[in-house]
Amino acid sequence: MLITRRKLLAASAAGAAGLAILPAFGEVPPLKKKDTYKVGFAQTESNNPWRLAQTASMQDEAKKRGCQLVYTDAAGSAAKQVADVNSMIAQGVDFIFLAPREEKPLIPAVMAAKKAGIPVLLIDRSVDPSLAKAGEDYLAFVGSNFIEEGQRVADWTIKKTGGKGKIIELEGTIGSSPANDRKKGFDDTIKAKAPDLALLASQSGDFARDKGRQVAETLLQAHPDTTVVYAHNDEMAIGAIAAIEAAGKKPGGDILVVSIDGEKDAVQAIIDGKMGATCECSPRFGPKAFEIMYKYGSGEKIPPVIINPDRFFDASNAKDMLATAF
Ligand code: GYE
């Protein structure tokens, strides 16, 4: 079934009919000013250091602020994440922090919270902007600029290779905003600036280390002339390093590996000469996410998109940065 924005809005308007406490059509539900809130955090999965660091950051900040946290882990299933948000709504949370696993399947969760009068802040990933709008269906998006991350890695790769080589790309979770945007940012930049850098193949490794290793193994067999691996996150890059070594080649020598996130293992791989560079994508959302909620509760206007600044790690700074990586 095709979900259209109009159908969803019509459904939520029908549900809201006659209930005066619900927000006017098209507006983000309000948040009453309180000292502490009961909040939900709907996590996507917990299978990598990035997710674990993000969860820890949210839990720490909830504790610091004295907020009651309803935490759920969708274990890699968008359908479970929708059910998790519905359960938070049933538990009467004041506010929901949602890290939507994929852009389209989480739309019903965003709309259900809106219909129930609960404001939602999207953290780290976004939803399809043609189906739900920041500042209207949900409060705002806070996270990195994924297109820019892809562009920065592409620019570094062009410089490092002199604009020549053969690339295989390991994509993140299909249908997720970081996978869509990191692909666009990187591919468009390479196409525009380095016609002699060819993209041989591009396939999803679901942002996971072992899946990344398996996909890299298959792609390296099909394309033994590969000179660059671009992975949408460090976990897949580290999986790819194992695949390159298993193929009897030298990561950082025969094949340049570049990626995104800035996790400790990747910064260490740069120090060890096995990886070229990684663009940071900070998972430490707690302080900013809660600050936004409290500001909203005090009646402040929240901009629809709030971008986290990202650092960039390569051999020039990896040693100094290692201690600050997650
Ligand atoms: O890069 C990846 C994680 O959504 C920005 O998700 C996040 C990404 C991050 O699984 O490691």
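Everything quoted here is computed from the prediction, not taken from an experiment.

Quick look at the site of the ligand now. Every residue close to the ligand is listed here: Asn48, Trp50, Arg51, Asp124, Arg125, Phe146, Pro178, Arg182, Phe207, Asn233, Asp261 and Cys281. Side-chain polar atom of Asp124 to an oxygen atom of the ligand: 2.6 Å apart, as the coordinates give it. Arg182 is positioned such that a nitrogen or oxygen atom in its side chain is 2.9 Å from an oxygen atom of the ligand. Relative to its unbound accessible area of 300 Å², the ligand is 100% covered by the protein chains. Elements that contribute at least two residues to the shell around the ligand include exactly α2 (49-65) and α6 (177-193). When its residues are assigned to classes, the shell around the ligand shows five nonpolar, two polar and five charged. Inspection of the shell around the ligand shows a minimum of three residues originating in each of domain 1 (27-142 + 283-309) and domain 2 (146-281).

Bring the parts together and some accessible area is lost; that lost area is often taken as the interface size. Domain annotation of the protein chain identifies domain 1 (27-142 + 283-309) and domain 2 (146-281). Taking only C-alpha atoms into account, the centre of domain 1 sits 30 Å from that of domain 2. Contacts between the two partners involve 13 residues from domain 1 and, on the opposite side, 17 residues from domain 2. Its largest share of buried area at the contact with domain 2, domain 1 owes to Trp50, Glu103 and Arg125, together 41% of the area lost on that side. At the junction of domain 1 and domain 2, the tally comes to one salt bridge. Among the residues making up the side of domain 1 that touches domain 2, the classes are represented as five nonpolar, three polar and five charged.

Criteria and thresholds
- Residues numbered from 1 in each chain as written.
- Predicted model: local features only at pLDDT ≥ 70, side-chain atom pairs only at ≥ 80, totals over all residues.
- Heavy atoms only, no water.
- Near = heavy atom within 4 Å.
- Polar contact = N/O pair within 3.5 Å; in protein donor to acceptor, adjacent residues only side chain to side chain.
- Areas by Shrake-Rupley, 256 points an atom, 1.4 Å probe, with all protein chains shown as cover.
- Helix = DSSP H or I, 4+ residues; strand = E, 2+ residues; numbered from the N terminus.
- Nonpolar A, V, L, I, M, F, W, Y, C, P; charged D, E, K, R; others polar.
- Domains from an automatic or database assignment.
- Contact = heavy atoms within 4.5 Å.
- Buried area = accessible area lost by both parts, 1.4 Å probe.
- Salt bridge = Lys/Arg side-chain N within 4 Å of Asp/Glu carboxyl O.

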